[in-house]
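# Topology and contacts: notes
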Amino acid sequence: MARGGENRGRLLLIILVITSLFLITLDLRGVSVISGLRSGTQTALSPVQSFGSIVLSPVRNFFVDVINLGRTRSEMEELRETNGRLQSQLREKINIDSQLEQLQGSLDLAGKAGFKVVSARVISQGATTSFTQTITIDAGSRNGIKPNMTVINAFGLVGVVKTVFPNTALISLAIDPSFRVGVRVAGSQQIGILSGQGSRKGVLQLLDNQSTISVGDILVARGSVENQPFVPGVPIGEVTSVDNAAGAVTQTADVSFFVNFSAIGIVSVVMKAPDVDPRDALIPKAPVPTPIPTVTVYVTPSRSPSPSSGG
Amino acid sequence: MSTRKIGLTALLFLIVYVVQEAFITQLGITGGGFSLFLIFALLWAALSSPDIGALTGFVAGLLIDLSQSTSGALGQWTFVLILVGFGVSYLGLGYENVRMNPFTITFLITMAVVAARVLYLLLSLLLGESMGSITSIVISILIGALWTAAATPLVMPVIARAYDFIDDTRSRI
């Protein structure tokens with residue numbers, strides 16, 4: 001009996017393993033039923049995710065406040081003075097203002113470039129369990145979004161639409177390890193390929209071995225054929241360090257992205273871009289130091305009244 | 001296994017899956033956080049016999065594969081969790097003290113999560129997917145292990161009670 005049970009267990013294990021390998025094979029061969037399963041799951045889950053996003057917004061803001069405690073100390077001091085109800089309202093307002101600011105910035109950038117965009121809210125951040133960097137937005141095929149569309153925010157390139165569901169879309173972030181984008185160095189017009197590394201920094205590899213880059217160089221998207229997956233001219237990041245290793249065929253460099261990927265609330269999906277390449281027009285202008293006006297007061301002693309003038 | 005047991009187990013798995021997908025992923029926990037559903041499935045497997053452990057891994061893996069945040073091929077997590085679920089339940093069955101001691105079971109689940117992620121990584125590399133720099137992978141696995149070690153003792157009593165309620169046996173942890 002015990003041997004029979006053991007054999008049954010082994011048989012079950014073998015059947016399960018074969019089934020999983022069968023599923024992998026079907027998926028890799030692009031069987032539509034398999035992709036339909038994922039799409040169906042996402043369609044069923046998206047209302048719950050939207051609800052969860054609204055409910056957990058204060059909790060998420062709390063964690064962000066804790067993480068950024070040093071930076072927002074002055075804000076925290078102000079908030080401490082208010083009571084619990086006002087604190088909650090204030091956090092809510094900060095959240096809305098932040099989203100509004102992000103939306104405004106995103107639309108400003110799109111307007112400057114002449115992009116036709118659809119803006120959407122980030123409703124979920126992809127689990128890093130699978131070593132991928134993704135976000136889910138609350139706009140999908142019903143809003144006209146298609147795979148391989150460029151996604152931007154106020155600071156520049158966020159990523160590319162990877163998968164589209166009826167009401168949501170999965171965005172592959174520029175920091176995803178599988179992300180590759182053709183870039184152009186603003187000004188010098190050198191070209192290279194920027195790869196995501198799964199961290200906050202990307203790695204740039206120049207294509208021409210005669211070209212050189214330096215710290216502080218700004219990178220913009222080079223653009224793709226028919227503007228998909230990348231529209232040209234979108235700012236991406238800034239070179240933070242250059243690898244001048246002897247013997248390297250081409251120069252490589254570390255790049256810091258303009259977008260803060262841990263605080264993305266609103267993004268815009270580029271639906272249509274103008275035929276004209278904006279070149280370097282979208283690069284954020286370097287801050288100009290504002291001169292501090294100095295006031296000089298000259299004090300001239302008034303004449304002391306003479307006895308004769310006093311009458 | 002009775003219809004009642006199967007029905008209640010399936011319902012519980014579905015609830016934890018929805019909680020994971022709709023709430024836990026939205027918390028924006030530092031370093032990627034933890035997967036409540038993965039911990040739940042592996043704890044469930046650790047409390048079960050090896051064949052049920054493998055079956056638990058199959059169902060849990062299939063659900064993770066269906067998640068929109070999973071970008072690998074469908075069946076990849078299924079394959080990994082069948083093996084890990086079987087392994088965890090085999091270890092739990094072979095060493096009774098593992099089941100009796102919360103510390104050892106926390107260690108077992110943490111190691112199982114690490115093993116599952118490493119297996120998934122290897123399978124992804126075999127399938128030709130880009131996985132990023134070694135540093136980011138190691139950091140991600142380490143942080144994930146720390147979060148799992150922190151979260152497992154918190155959810156363990158609840159899962160053990162739910163298991164006992166469905167299994168109609170005395171508490172094992």
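Everything that follows concerns the structure shown earlier in this document.
The structure reproduced in this document is the subject of the present report. (Residues numbered from 1 in each chain as written. Chains lettered and ligands numbered in written order. Predicted model: local features only at pLDDT ≥ 70, side-chain atom pairs only at ≥ 80, totals over all residues.)

### Regarding the overall build of chain A
Quick note on the threshold: A run of H or I in DSSP becomes a helix once it reaches four residues, and a run of E becomes a strand once it reaches two; helices and strands are each numbered from the N terminus. Exposed residues have 12 or fewer other C-beta atoms within 10 Å of their own C-beta, buried residues have 20 or more, and partly exposed residues fall in between, where C-beta atoms are placed from the backbone. Any pair of residues counts as being in contact when their C-beta atoms, constructed from backbone geometry, are within 7 Å of one another.
Helix and strand counts for chain A stand at four helices and twelve strands. Sorting the 311 residues of chain A into buried and exposed places 36% on the buried side. The long-range share in chain A, meaning contacts at least 24 apart out of those at least 6 apart in sequence, stands at 61%.

### Some remarks on the sheet that holds strand 2 (residues 134-137) of chain A
All names here are of chain A. Put simply, the rule is: Note on pairing: two strands pair once DSSP finds at least 2 bridges between them. Only C-alpha atoms enter the line fits that serve as axes; for helices the fit covers just the stretch in contact. Angles between N-to-C directions range over 0 to 180 degrees.
Taken together, six strands build a closed barrel; the order of strands is 1-2-5-4-3-12 and the barrel is antiparallel. Between one strand axis and the next, the sheet turns by 45° as a mean value, whatever way the strands run. Note: strand 2 against strand 5 (residues 169-173), four bridges, orientation antiparallel. Of the residues in strand 5, the one forming a bridge with I137 is A169.

### Comments concerning the interface of chain B and chain A
Inclusion rule: Note on residue classes: Ala, Val, Leu, Ile, Met, Phe, Trp, Tyr, Cys and Pro are nonpolar, Asp, Glu, Lys and Arg are charged, and everything else, Gly too, is polar.
Taken together, the contact pairs 44 residues of chain B with 44 residues of chain A. Considering each element in turn, the side of chain B that touches chain A owes the most residues, seven residues, to helix 3 (residues 50-66) of chain B. Per-class residue counts for the side of chain B that touches chain A are 19 nonpolar, 21 polar and four charged.

### Section: the nonpolar core
As a reminder of what qualifies: Core membership is restricted to buried Ala, Val, Leu, Ile, Met, Phe, Trp, Tyr and Cys residues, and these are joined into a nonpolar core through C-beta atoms within 7 Å.
In terms of nonpolar packing, the biggest core is built from 56 residues, with A:V158, A:I171 and A:I236 touching the most fellow members. Sorting elements by how many residues they give to this core places strand 4 (residues 156-164) of chain A first, with five residues. With residues up to four places along the chain from it excluded, the contact list for A:V158 reads A:V151, A:I152, A:N153, A:I171, A:L173, A:A174, A:V259, A:I264 and A:V267. Core analysis: the second largest hydrophobic core is formed by 50 residues, B:F34, B:W77, B:F79 and B:A151 among them.

### Examining helix 2 (residues 36-47) of chain B
Note the threshold: Each residue after the first adds 1.5 Å to the expected span of a helix.
End to end, helix 2 of chain B covers 17 Å across twelve residues, agreeing with the expected 16 Å (1.5 Å per residue, within 8%). Three or more residues of helix 2 of chain B are buried, namely B:F37, B:L38, B:I39, B:F40, B:A41, B:L42, B:L43, B:W44, B:A45, B:A46 and B:L47.

### Concerning unusual backbone geometry
All names here are of chain A. Along the chain, Q228 connects to P229 via a cis peptide bond; the corresponding omega equals 10°. Within the secondary structure layout, P229 lies in the loop between strand 9 (218-221) and strand 10 (235-243). Within the chain, E226 stands out as a residue other than glycine whose phi angle is a positive 55°. Here N227, not a glycine, exhibits a phi torsion of approximately 60°, which is positive. Here N227 falls in the buried class, since 21 other C-beta atoms lie within 10 Å of it.

### Re the sheet that holds strand 10 of chain A
All names here are of chain A. Judged by pairing direction, the barrel is antiparallel, and its six strands sit side by side in the order 6-7-8-11-10-9 before closing back on the first. Along the sheet, successive strands turn relative to each other by an average axial angle of 40°, direction set aside. Here strand 6 (residues 180-185) runs beside strand 9; their pairing, made up of three bridges, is antiparallel. The partner of V185 across the bridge, within strand 9, is L219.

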